[in-house]
Amino acid sequence: MKLSLYYAPTTCALVPYVNLTEAGADFDIHAINMRKGQNNSPEFLALNPQHKVPVLLIDGAPLTENVAINTWIARQYPDARLFPSAPMDEIRAISLMGWFGSGIHPHLARINSPAKFCDAPGSADSVRAQAAKALDENFAIADKRLAGREFFFDHYTAPDVYFYWCLRRATQFELPVKKFGHCMAHFERMEQRASVKNVLAFEKATLDRFAA
Ligand SMILES: N[C@@H](CCC(=O)N[C@@H](CS)C(=O)NCC(=O)O)C(=O)O
């Protein structure tokens, strides 16, 4: 089986990159330069007309959306235990990814590009403030979920890196997340994983290549 991941630095394509690595999958990477609009090229739009990464090509067939891609990876590589073993916990892991994808990620997008959500002059600060408030509420909920635990389940599973990516973006946007001690401990634990160190090194090399 041939796997190709369409990825862009700093984006949520980090999530399947890490899970494919955790699974020991053989895959290649197509790094997209979003600043140059490569996600709007005819070649990329043929794979994903929604002009978004990640896209996972499985034997040439594109699969989009983090929830689906990471569910596919977890089911394709069961030995990697990227889902918890109890069937209902597997559903809960998918539920967590749905929360991160639809309940947290869109607020991060508002912080990053407020004008895409409201283009009224002078509205950017208000869009960002509303998004920051929603993020605060969501991170507080996650903080309670992570109290006294290393990961969302009893070992590392696919949603852990999705949450890591959300918190990483919040940190990069300088949101006040340090107060969420359990989230921050999870974040630091994630950064100790070889798969995460590997993607961060790849991200840096890609950003350097794009800047050259
Ligand atoms: N719901 C999608 C969201 C993907 C997404 O928003 N990707 C962003 C990067 S984090 C993107 O490619 N944005 C480019 C654009 O919208 O043009 C998923 O979970 O995969």
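Predicted model, so just to flag it, every value in this text is computed and none were measured. (Residues numbered from 1 in each chain as written. Predicted model: local features only at pLDDT ≥ 70, side-chain atom pairs only at ≥ 80, totals over all residues. Heavy atoms only, no water.)

Go over the pairing of strand β4 (residues 61-64), please, and point to the residues and values.
With four bridges connecting them, strand β3 (residues 55-58) and β4 associate as antiparallel partners. Looking across to β4, one finds that Leu-56 is bridged to Leu-63. (Pairing = 2+ DSSP bridges. Helix = DSSP H or I, 4+ residues; strand = E, 2+ residues; numbered from the N terminus.)

An account of the pattern of salt bridges is requested, with residue identities and associated values reported.
One pass over the structure, following the stated rule, counts seven salt bridges. In this structure, the salt-bridge partner of Glu-90 is Arg-75, at a minimum N-O distance of 2.9 Å. You can see Glu-90 sitting in helix α4 (residues 87-112) and its partner Arg-75 sitting in helix α3 (residues 66-76), a full 15 residues away along the chain. A residue is classified by how much of its surface remains accessible, and Arg-75, at 52% relative accessible area, is exposed. (Salt bridge = Lys/Arg side-chain N within 4 Å of Asp/Glu carboxyl O. Buried < 20%, exposed > 50% of the residue type's maximum accessible area, 1.4 Å probe, protein only.)

Describe the packing of helix α5 (residues 124-146) against helix α7 (residues 181-191), with residues and values.
One can describe the packing of α5 onto α7 by two numbers: an axis separation of 7 Å at closest approach and a directional angle of 70°. Classed by the angle they form, the pair α5 and α7 counts as roughly perpendicular. Contacts between α5 and α7 involve Phe-139, Ala-142, Asp-143 and Leu-146 from the former and Gly-181, His-182, Cys-183 and His-186 from the latter. (Axes fitted to C-alpha atoms, helices over the stretch in contact; angles between N-to-C directions. Parallel < 35°, antiparallel > 145°, perpendicular 65-115°, else oblique. Contact = heavy atoms within 4.5 Å.)

Give me the pairing of strand β2 (residues 28-31): which residues, what numbers.
In terms of strand pairing, strand β1 (residues 3-7) meets β2 through four bridges, oriented parallel. Paired with Leu-5 across the two strands is Ile-29, which belongs to β2. The parallel pair β1 and β2, bridged by helix α1 (residues 14-23), forms a crossover whose chirality is right-handed. (Right-handed = clockwise from strand over helix to strand, strands pointing away.)

Describe the domain arrangement of the chain, naming the residues involved and giving the relevant values.
Assigned domains of the chain: these are domain 1 (3-80 + 195-211) and domain 2 (87-193). Between the C-alpha centres of domain 1 and domain 2 there is a distance of 20 Å. With 18 residues of domain 1 at the interface, the matching set in domain 2 holds 17 residues. Here domain 1 meets domain 2 over a buried area of about 1,600 Å², counting both sides, of which 61% is carbon and sulfur. When residues of domain 1 are sorted by the area they lose upon contact with domain 2, Thr-10, Val-67 and Val-196 head the list and together hold 27% of the total. Where domain 1 packs against domain 2, one counts three salt bridges. Scanning the region where domain 1 abuts domain 2 turns up ten residue pairs in polar contact (both at pLDDT 80 or more). Counting residues per element, the ones that place at least two in the side of domain 1 that touches domain 2 are α1, α3 and α8 (194-211). Of the residues in the side of domain 1 that touches domain 2, the class split is seven nonpolar, seven polar and four charged. (Domains from an automatic or database assignment. Buried area = accessible area lost by both parts, 1.4 Å probe. Polar contact = N/O pair within 3.5 Å; in protein donor to acceptor, adjacent residues only side chain to side chain. Nonpolar A, V, L, I, M, F, W, Y, C, P; charged D, E, K, R; others polar.)

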